[in-house]
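Residues per chain are reported as follows:
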Amino acid sequence: PTEMPTAYPTLTPTVSPTLLPTESPTLLPTVTTDEPTISPTLYPTISPTLEPTLSPTLIPTFSPTMITDEPTSNPTLFPTLMPTFSPTITTYPPTLTPTYSPTLIAVNWYYWGAEEGRGNTLGENQQIPDEIPAKIIDVSAGSRHTFLVQDDGTVVGAGFIESIFSYRGHLGLGEVSDCPKPDKSILCEGTNDPLPVKEVVDASGKVVNAPEFERAYAGVGVPSDSGDMHSLLISKDGKAYVTGNNNKGQLCLGDLKTEHVNLFHEVKDLPGKAVRGAVGQEFTLILTEDGDVYGCGSNEVGQIGQGPDVVYKAKPTKIKEVEDVTDLSTGLGFAIFLSRGKQKIWGTGSNLYGQLCGFTGGIPITVPEINLEGTVGDVIQVEANRESSYFLFDDGVVRSCGR
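Computed from a prediction, not measured in an experiment: that's the story for all the values here.

Thresholds applied
Residues numbered from 1 in each chain as written. Predicted model: local features only at pLDDT ≥ 70, side-chain atom pairs only at ≥ 80, totals over all residues. Heavy atoms only, no water. Disulfide = S-S within 2.5 Å. Helix = DSSP H or I, 4+ residues; strand = E, 2+ residues; numbered from the N terminus. Buried < 20%, exposed > 50% of the residue type's maximum accessible area, 1.4 Å probe, protein only. Pairing = 2+ DSSP bridges. Axes fitted to C-alpha atoms, helices over the stretch in contact; angles between N-to-C directions. Contact = heavy atoms within 4.5 Å. Patch = residues over 30% accessible without salt bridge, like charges linked within 9 Å, V, L, I, M, F, W, Y side chains within 5 Å. Areas by Shrake-Rupley, 256 points an atom, 1.4 Å probe, with all protein chains shown as cover. Salt bridge = Lys/Arg side-chain N within 4 Å of Asp/Glu carboxyl O. Polar contact = N/O pair within 3.5 Å; in protein donor to acceptor, adjacent residues only side chain to side chain.

1. A short note on the state of the cysteines
Moving on, step 1. Evaluation of the coordinates by the stated rule reveals three disulfides.
Moving on, step 2. Paired by a disulfide, Cys 252 and Cys 296 hold their sulfur atoms 1.7 Å apart. Of the two residues, Cys 252 is situated in the loop between β11 (240–245) and β12 (260–266) and Cys 296 in strand β15 (residues 293–298); the sequence distance between them amounts to 44 residues. The pair Cys 252 / Cys 296 is uniform in exposure class, with both members buried.

2. Brief notes about the sheet that holds strand β18 (residues 334–339)
Moving on, step 1. The antiparallel open sheet is built from three strands, whose spatial order is β17-β18-β19. The sheet terminates laterally at β17 (327–330) and β19 (344–349), the two strands that pair on one side only. Pairs of neighbouring strands in the sheet enclose a mean axial angle of 10 degrees, with direction left out of account.
Moving on, step 2. Of the pairings in the sheet, the one linking β18 to β19 comprises six bridges and is antiparallel in character. Each residue of the ladder has a partner; that of Phe 337, found in β19, is Trp 346.

3. Describing the pairing of strand β13 (residues 274–279)
Moving on, step 1. Burial analysis of β13 places six of its six residues in the buried class, the great majority of the element.
Moving on, step 2. In this sheet, strand β14 (residues 283–288) lies alongside β13 in antiparallel orientation, the contact comprising five bridges. Bridging from a neighbouring strand, Arg 276 pairs with Leu 287 of β14.
Moving on, step 3. Taking the residues between adjacent antiparallel strands as the criterion, β13 and β14 are bridged by three residues.

4. Topic: the environment of Thr 375
Moving on, step 1. Within the secondary structure, Thr 375 is located in the loop between β19 and β20 (379–385).
Moving on, step 2. Note: C-alpha distance between Thr 375 and Arg 399 (24 residues apart in sequence) is 8.9 Å.
Moving on, step 3. Apart from the residues lying within four places of it in its own chain, the contact partners of Thr 375 are Phe 393 and Arg 399.

5. A few points about the sheet that holds strand β5 (residues 155–161)
Moving on, step 1. Spatial strand order, β3-β4-β5-β6: four strands in an open sheet with antiparallel pairing. Each having just a single partner strand, β3 (136–141) and β6 (190–196) make up the two edges of the open sheet. If you compare each strand with its neighbour and ignore which way they point, the axes differ by 10 degrees on average.
Moving on, step 2. In the sheet, β5 pairs with β6 via five bridges, with the strands oriented antiparallel. Across the sheet, Gly 159 pairs through a bridge with Asn 192, a residue of β6.

6. Details of a nonpolar patch on the surface
Moving on, step 1. Together, Leu 256, Val 311 and Tyr 312 line one region of the surface with nonpolar side chains, adding up to about 250 Å² of accessible area.
Moving on, step 2. Within the secondary structure, Leu 256 sits in the loop between β11 and β12.

7. Side note on the side chain of Gln 250
Moving on, step 1. Structurally, Gln 250 can be placed in the loop between β11 and β12.
Moving on, step 2. Given the relative accessible area of 0%, Gln 250 is considered buried.
Moving on, step 3. In this structure the side chain of Gln 250 is engaged in a polar contact, spanning 2.8 Å, whose partner is the side chain of Asn 247.
Moving on, step 4. Not counting residues up to four positions away in its chain, the partners in contact with Gln 250 are His 230, Asn 245, Glu 282, Phe 283, Thr 284, Cys 296 and Gly 297.

8. Here's the deal with unusual backbone geometry
Moving on, step 1. Even without being a glycine, Cys 252 presents a positive backbone phi close to 60 degrees.
Moving on, step 2. Residue class for Cys 252 comes out buried when judged on its relative accessible area of 4%.
Moving on, step 3. Backbone geometry at Arg 386 places phi at a positive 50 degrees, although glycine is not the residue there.
Moving on, step 4. For Arg 386, the position within the fold is in the loop between β20 and β21 (388–393).

The following block contains the structure:
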């Protein structure tokens, strides 16, 4: 007998109510007896039933059908107490690639690590995971700071500001105060507890109330105590907002006259709705719902895929060589892109440590297709980190390159 989760929560796994699985579907109606009937069954048979059974099941299933060609992968014997990302049961192999506009469901999130990066004026590091006491749909951790997106669209930021003089506004919470005493209500030099992003600057330059957000991308700095970072938020209505350092045009403001800002500014001249993004050391990438990618900021080593003769772009500029992109990620000075439909992977930027999965003698690469020779299966997700790249395949294997 198979062991599958019941349709209603139980504290212990149920005993399988069926006898041995039938070789073919039975069409006999059920008869009231003291013993469980062989048909209908709540579990997939060896030969799947393509038509509804004559005697319907009395217990609702998790999804309209539980019948698959193969057994479902990794069923749990106990129900989860919190909603999962997908309320339906996925047949094997699961599709892990996000859609252009996924529905983000609040789940439990946990944090741990240095106290200064997550906001903790008690001055204590969190050495074991601790649950965040809020309904969160997205998180992003940068260099000594964190963004949380709550289910009501509110973004809160927390973290450490080394100095008023070196801070360039990457938290997007306004001016920094020299607080003689810790004050949880304003942004101070030193460690800051979570504060909400209440105001943004719209495309016309006016300070307005913050919209409801869906995704957050915290910036990174080298060294980690640097204030020369920037951050990106994506709103529920498909607009992109950036804040922080703008020394290479990474805020997509159109020029370099504005060295930095301390409030999130709406990105102008962005064709299409923004659905995802990525933040590198001095560049920004934005993915629109039609699968195009736009970049701004430094292109000194090809980070935004504009060829060897372009130093920077201050406006959102399309990366022409990539298309139908469903996933993207950035390291410090490079980026990788995935097209699920075309089953292609692209990479651009620094390849000093082989992070673009090819030997170039340290020479940067400008938007070639990455060739993952010797691998089997399709890549369904990509992730980059500092100077390394990671690729998740549909069979659950993860491969990486770089250092």
